[in-house]
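Here are the chains, one letter per residue:
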Amino acid sequence: MNRIYMDHAASTPMHPLVAEEMLRIMTGTFGNASSVHAFGRDAKRIVSDAREKIAAAIHARPADLVFTSGGTESDNMALFGAAAARVDKGRHLLVSQIEHHAVLHAAEQLAEQGYDVEYIPVDTLGRVDIEWIRDHIRPDTTLISVMVANNEVGTVQDIEAIGALAREQDIWFHTDAVQALGSLDIDCEKWKADLISFSAHKINGPQGIGALYVSPKIKLPALLHGGNQERKRRAGTENLAGMAGFAKAVELAVSSLDERHAQLHHLRQEFLGKLEQRIGSDKFVLNGDPSHTLAHIVNVSFPAVGTETMLMNLDMERIAVASGSACTSGSLETSHVLRAMNLSENVLKSAIRFSFGLGNTSEEIETVVQKIESIIGRVRA
Ligand SMILES: Cc1ncc(COP(=O)(O)O)c(C=O)c1O
C-alpha cells in the first residue's frame, strides 16, 4: 500500500508548478536584489513581481507586505513589533488561548519583559467571545491577537467583528492567517486588521518563506537589522526562489479557492460519513465548530483509543496524521487548544487531527476509515 498523507496542516507537498517556477529562478537568476547592475535589477524584479502577486490576492498594497522566513517569524514580528511600537499607550495585550505557539511563546516572552498579557478564553467549539474581549479592553490595551482559523481544530473566528472592535477602540489587531490562506478569502481592508501573518508551505509552496501584512496606518519596528531590504522592516538578502514560489502558490490557491473548498469539504464530509457508518457516531467525537470551520482540518477523538496508540498504529499502516500536541521527552503533552476548549479528559487524550489537501482521494478516505475501524477493534480486544 502506498503511504497516505493526511497532515496537510503541518506542511504540504509542493505544487509541481511552484517547483517549476522555483527551479527557473534558481537556475536563471542569482543576482542580489540590492545590486545596481543588471543582475541585481533582474533579482529585484522577481521580488517586486512576487510582492505584487501576493498583495493582489489578499487585497493589500504591495508596500504593505514584509517577506519573512515563515509564519513563526511573522507572528513574532507582529507581537514584538506592536508591543514595542505602542509602549507609550500601554503594556496590556489580549491574546487568544488557542493561538499557535509562535504567538503564545512570543506573548510569554513579552510577559517576562513586563507586559501584561491576558488570555482570551474560548468556548467548547473553540470560538472566542467578542463580549469577553470588549469587557477586558483597558485604556492601556495596545494589541489584540486572535487567529483567523485554528490549526488544530479548524474553528474559524468572526474576524471582521474583532477587527471592528479593535479599530473602534484604537487597538492594533493582529491575526494569524497561516491556515486560512488558500481556504478563505483574505481581505485586509474588510477585516480591519493591522497585522496579518502568512506562510507559504501550508499552501503547496516552499518551506521557510512567509509574509506579514502591515497596515499603512501603523509603523512597526524591525526585528532584524542590517540592510535596507523590505523598506528597512526586515533586513537580509531576499530569498528569490522562495518569494517566487510563494507567489505562484498563492496565485494557484486563490484562483481555485471555490473549487478547492468544494473538494476538501467533500473529503471532510465523506470522512465523517464513513466514520459514522463504520464505527458508529457514539464511538467518536468531532472537536471544533462544525459550522464555522476550515474544510481541510478535522479533529476527531476516539475515546476508546489514546492519541499515541492511534497515531502509532496509523503510522504502522503508513498513514500520516497528527495529534496536535507537542511531543516532549518522548511523551505527548495534551494540546493547549483542546484544553482551552474545556473538553473532557478522555476526549482530550484521544484526539487526532486529520488534514486534507493536494493528492488526497476518496479511496484514501475509505482506506483510512477502514484502518481506524480495525485499530479500534484490535485495541479493544
Ligand atoms: C496557525 C499557524 N501559525 C503559525 C505557524 C508557523 O508557521 P511556519 O511553520 O511557517 O513557521 C503555523 C504552522 O504550523 C500555524 O499553523
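Residues numbered from 1 in each chain as written. Predicted model: local features only at pLDDT ≥ 70, side-chain atom pairs only at ≥ 80, totals over all residues.

Below, the discussion takes up the site of the ligand. The ligand sits among 14 residues. The nearest are Gly-70, Gly-71, Thr-72, Asn-151 and Ser-199. With 3 residues, the single largest contributor to the shell around the ligand is helix 3 (residues 71-85). Here the residues of the shell around the ligand are counted per class, giving 3 nonpolar, 9 polar and 2 charged. (Near = placed C-beta within 6 Å. Helix = DSSP H or I, 4+ residues; strand = E, 2+ residues; numbered from the N terminus. Nonpolar A, V, L, I, M, F, W, Y, C, P; charged D, E, K, R; others polar.)

This part takes up the sheet that holds strand 5 (residues 141-145). On the basis of which strands lie adjacent, the open sheet formed by 7 strands has the order 2-8-7-6-5-3-4 and mixed pairing. A single partner strand is all that each edge strand has here, and the edge strands are strand 2 (65-68) and strand 4 (116-120). Averaged over all neighbouring strand pairs, the angle between strand axes comes to 20°, with direction disregarded. For strand 7 (residues 195-199) and strand 8 (residues 210-214), the ladder comprises 5 bridges, and the chain directions are antiparallel. By the bridge assignment for strand 8, Ser-197 is matched with Leu-212. Helix-sheet contacts for helix 3 involve strand 2, strand 3 (92-96), strand 5, strand 6 (172-176), strand 7 and strand 8, and the interaxial angle to strand 7 is about 165°. Helix 4 (residues 101-112) rests against strand 3, strand 4, strand 5 and strand 6 of the sheet, and its axis sits at about 155° to strand 3. (Pairing = 2+ DSSP bridges. Axes fitted to C-alpha atoms, helices over the stretch in contact; angles between N-to-C directions. Contact = placed C-beta atoms within 7 Å.)

In terms of nonpolar packing, the biggest core is built from 115 residues, with Tyr-213 and Met-243 touching the most fellow members. Ranked by the residues each element gives to this core, the list is headed by helix 9 (residues 240-255), at 9 residues. Each of domain 1 (4-12 + 257-380) and domain 2 (16-255) accounts for three or more of the residues forming this core. (Core = buried A, V, L, I, M, F, W, Y, C linked by C-beta atoms within 7 Å. Buried ≥ 20, exposed ≤ 12 C-beta atoms within 10 Å, placed from the backbone. Domains from an automatic or database assignment.)

The subject of this paragraph is helix 14 (residues 362-380). When the terminal C-alpha atoms of helix 14 are compared, their 27 Å separation across 19 residues agrees well with the 27 Å that a helix rising 1.5 Å per residue should span. Listed in full, the buried residues belonging to helix 14 are Ile-365, Val-368, Val-369, Ile-372, Ile-375 and Ile-376. One side of helix 14 holds all its buried residues, which, seen down the axis, span an arc of 125°. Opposite its buried face, helix 14 presents the exposed residues Glu-363, Gly-377 and Arg-378, each directed more than 90 degrees away. For helix 14, the secondary structure elements touched by its buried residues are strand 1 (4-5), helix 10 (257-279), helix 11 (307-316) and strand 11 (319-320). (Expected span 1.5 Å × (residues − 1). Arc of directions from axis to C-beta.)

This part takes up the sheet that holds strand 10 (residues 297-301). One open sheet accounts for 3 strands, arranged 9-10-14; its pairing is antiparallel. Each of the sheet's edge strands pairs with one partner strand only, and the pair in question is strand 9 (285-287) and strand 14 (351-355). The sheet shows a mean angle of 35° between the axes of neighbouring strands, direction not considered. Pairing between strand 10 and strand 14: 5 bridges, direction antiparallel. Along strand 14, the bridge assignment pairs Val-298 with Phe-354.

Following both chains from N to C, one finds helix 10 and helix 14 inclined at 35°, their axes separated by 10 Å at the closest point. Judged by the sense of rotation from one axis to the other, the crossing of helix 10 with helix 14 is right-handed. When helix 10 is examined against helix 14, the residues Leu-267, Glu-270, Phe-271, Lys-274, Leu-275, Arg-278 and Ile-279 are found in contact with a partner set consisting of Ser-362, Ile-365, Glu-366, Val-369, Ile-372, Glu-373 and Ile-376. When grouped by side-chain class, the residues that make up the contact of helix 10 with helix 14 number 8 nonpolar, 1 polar and 5 charged. (Left-handed = near helix turned anticlockwise from the far one by under 90°.)

Checked against the element boundaries, Asp-185 lands in the loop between strand 6 and helix 7 (188-191). As for Asp-185 and Arg-127, which are separated by 58 residues in sequence, their C-alpha atoms are 19 Å apart.

As a further point, take the environment of Asn-204. Positionally, Asn-204 belongs in the loop between strand 7 and strand 8. On the basis of neighbour count, Asn-204 is assigned to the buried category, with 26 C-beta atoms found within 10 Å. In this structure the C-alpha to C-alpha distance between Asn-204 and Leu-348, which are 144 residues apart in sequence, comes to 30 Å. Filtering out sequence-adjacent residues up to four positions away, Asn-204 remains in contact with Thr-12, Pro-13, Met-14, His-15, Val-18, Ala-249 and Leu-358.

Positioned with a positive phi, Asp-170 is a non-glycine residue whose angle comes to about 60°. Along the chain, Asp-170 falls in the loop between helix 6 (159-168) and strand 6. Exposure remark for Asp-170: the 12 C-beta atoms within 10 Å place this residue in the exposed category. One non-glycine residue, Asn-204, adopts positive backbone phi at about 65°.

Next up on the list: the domain arrangement of the chain. Quoted interface sizes are often the accessible area lost when the parts come together. When cut into domains, the chain gives domain 1 (4-12 + 257-380) and domain 2 (16-255). Averaged C-alpha coordinates put domain 1 and domain 2 at centres separated by 28 Å. Counting residues at the interface gives 26 residues for domain 1, matched by 28 residues for domain 2. Secondary structure elements with two or more residues in the side of domain 1 that touches domain 2: helix 10, strand 10 and helix 12 (336-340). Its residues assigned to classes, the side of domain 1 that touches domain 2 shows 11 nonpolar, 12 polar and 3 charged.

What follows is about helix 4. Taking 1.5 Å of rise per residue, 12 residues should cover 16 Å, and helix 4 covers 16 Å from first to last C-alpha, within 8% of that figure. Among the residues of helix 4, those classed as buried are Ala-102, Val-103, Leu-104, Ala-106, Ala-107 and Leu-110. Buried-residue contacts for helix 4 involve helix 3, strand 3, strand 4, strand 5 and strand 6. The first or second residue beyond helix 4 is Gly-114, which carries a positive phi of 105°.

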